[in-house]
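Structural features, examined
What follows is each chain in one-letter form.
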Amino acid sequence: MHPMLNTAVKAARRAGSIITRASQNLDILQVRNKTHNDYVSEVDHAAEQAIIETLHEAYPSHAVLGEESGAVGEHGDFLWIIDPLDGTTNFLHGFPQYCISIALQHRGVLEQAVIYDPNRNDLYTATKGRGAFLNDRRIRVSKRTRLQESLIGTGLPFRDFAHIDTYLAMFKDMMLKTSGLRRPGSAALDLAYVATGWYDGFWEIGLSKWDIAAGGLLVAEAGGLVGDFEGNESWLATGNIVAGTPKVFGQMLQVLAPHLTVDLKTVELKTKA
Ligand code: IPD
Ligand code: CA
Ligand code: CA
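Here is a short report on the structure shown in this document. Once a new chain begins, its residue numbering starts again from 1 and follows that chain's sequence as written. Naming scheme: in the order in which they are written, chains are lettered from A and ligands are numbered from 1. Confidence filtering applies because this is a predicted model: local features only for residues at pLDDT of at least 70, side-chain atom pairs given and counted only at 80 or more, and all residues used for totals across whole chains, interfaces and linings. Excluded from the side-chain calculations are hydrogens and water; all other atoms, namely the structure's heavy atoms, are used.

1. Quick look at the packing of aromatic side chains
This is how the line gets drawn: Pairing of aromatic side chains requires ring centres within 6.5 Å, counting the rings of Phe and Tyr and the six-membered ring of Trp. Pairs whose planes differ by under 30 degrees are stacked, by over 60 edge-to-face, and all others tilted. Put simply, DSSP marks the helices as runs of H or I at least four residues long and the strands as runs of E at least two long, and each gets a number from the N terminus on. Burial classes: relative accessible area under 20% of the type maximum marks a residue as buried, over 50% as exposed, and values in between as partly exposed (1.4 Å probe, protein chains only).
Enumeration according to the criterion identifies five aromatic pairs in this entry. Between tyrosine 167 and phenylalanine 171 the ring centres are 5.8 Å apart and the planes differ by 35 degrees, which places this aromatic pair in the tilted class. Note that tyrosine 167 and phenylalanine 171 are positioned in helix H4 (residues 164–177) at a spacing of four residues, about one turn of the helix. Given the relative accessible area of 1%, tyrosine 167 is considered buried. One aromatic cluster in this structure is built from Tyr167, Phe171 and Trp203.

Following this line, the structure appears as structure tokens:
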């Protein structure tokens, strides 16, 4: 395993034990409401701190972009992109679907990815050009070619309702043209499920870099395709993401196309920091 990936795995497992310990005592958690339906707990912060400390022990000069800390350090060649707890709403309700997501970008290119699911003790890893793994077993996207036979993951809007009508129109169309839709509540795990072939595709509007950086590399290394709603590269910058097996990806883009409003099209997209 690449030494940087190894460090990220150590960091993810440390965060995992903090989260698991806290999950046994949800009643005493301090929770704050950032904005409408946007909760953050002391666990999100403690897990992020543990991750940053572990990464910085090994690589003190690397910069970090963490959901809770924002940008830390001088942006040189290496940038770690961290979601210490993806699926906070689930976690706060005791719903066992959440994970830790850590990605490393080198000169703007995603090179390492770790997603750790502490409930199943499942570790997903990928290194650019070296494939994707679940607990050391090589994983690949599914062999499905027809959208009509596909199981597709998605994320429902719950904080920002700016695109709710567009989303519901996409949702209806997908519902009619697939085998079924799922919304478990952690975008990073959703992408990991595309990489393992449990889902045949996934789409969501307006995610953040830390939700999708690691999962995007996992899907690509598992032989899948990742893009924005027009199949282009801006998925990480815009957070509008489609991922799937090579054939299913194209069919998903066709379903989404009639619903793309101007601000969901690649050229018009305002890139998020
Ligand atoms: C959220 C989850 C969820 C997605 C949201 C994300 P958080 O992350 O990934 O599945 O629908 O848009 O913000 O806030 O729990 O880290
Ligand atoms: Ca997240
Ligand atoms: Ca989070």
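2. Some remarks on the packing of H4 against helix H8 (residues 246–256)
Rules: Inter-axis angles, ranging from 0 to 180 degrees, are taken between N-to-C directions of lines fitted to C-alpha atoms, where helices are fitted over the stretch in contact. Oblique is the label for any angle not covered by the other classes, which are roughly parallel (under 35 degrees), roughly antiparallel (over 145) and roughly perpendicular (65 to 115). Whether a crossing is left-handed or right-handed is set by the direction in which the near helix is turned from the far one by less than a right angle, anticlockwise for left-handed and clockwise for right-handed. The contact definition used throughout considers only heavy atoms, calling two residues in contact when any of these lie within 4.5 Å. Here the nonpolar group is Ala, Val, Leu, Ile, Met, Phe, Trp, Tyr, Cys and Pro; Asp, Glu, Lys and Arg are the charged ones; every other residue, Gly included, is treated as polar.
Where H4 contacts H8, the axes come no closer than 9 Å and their chain directions differ by 135 degrees. Classified by the angle their axes make, H4 and H8 are oblique. Crossing of H4 against H8: the hand is right-handed. Along the contact surface, H4 presents Met170, Asp173, Met174 and Lys177, while H8 presents Met252, Val255 and Leu256. Looking at the contact of H4 with H8 residue by residue, the class counts come to five nonpolar, no polar and two charged.

3. A short note on the coordination of the calcium ion (ligand 3)
For clarity, the threshold we go by: Note: metal donors comprise N, O and S atoms at 2.8 Å or less from the metal (3.2 Å for Na, K and Ca); water molecules are not included, so apparent gaps in a site are possible.
The protein atoms that coordinate the calcium ion (ligand 3) are Glu67 (OE), Asp83 (OD) and Leu85 (O), at distances spanning 2.2 to 2.4 Å. The motif formed by the donor residues of the calcium ion (ligand 3), counted along the single chain, is E-x15-D-x1-L. Separating the calcium ion (ligand 3) and the calcium ion (ligand 2) is a distance of 3.7 Å, and aspartate 83 donates to both of them. Given the relative accessible area of 1%, aspartate 83 is considered buried. Residue leucine 85 is classed as buried on the basis of its relative accessible area of 1%.

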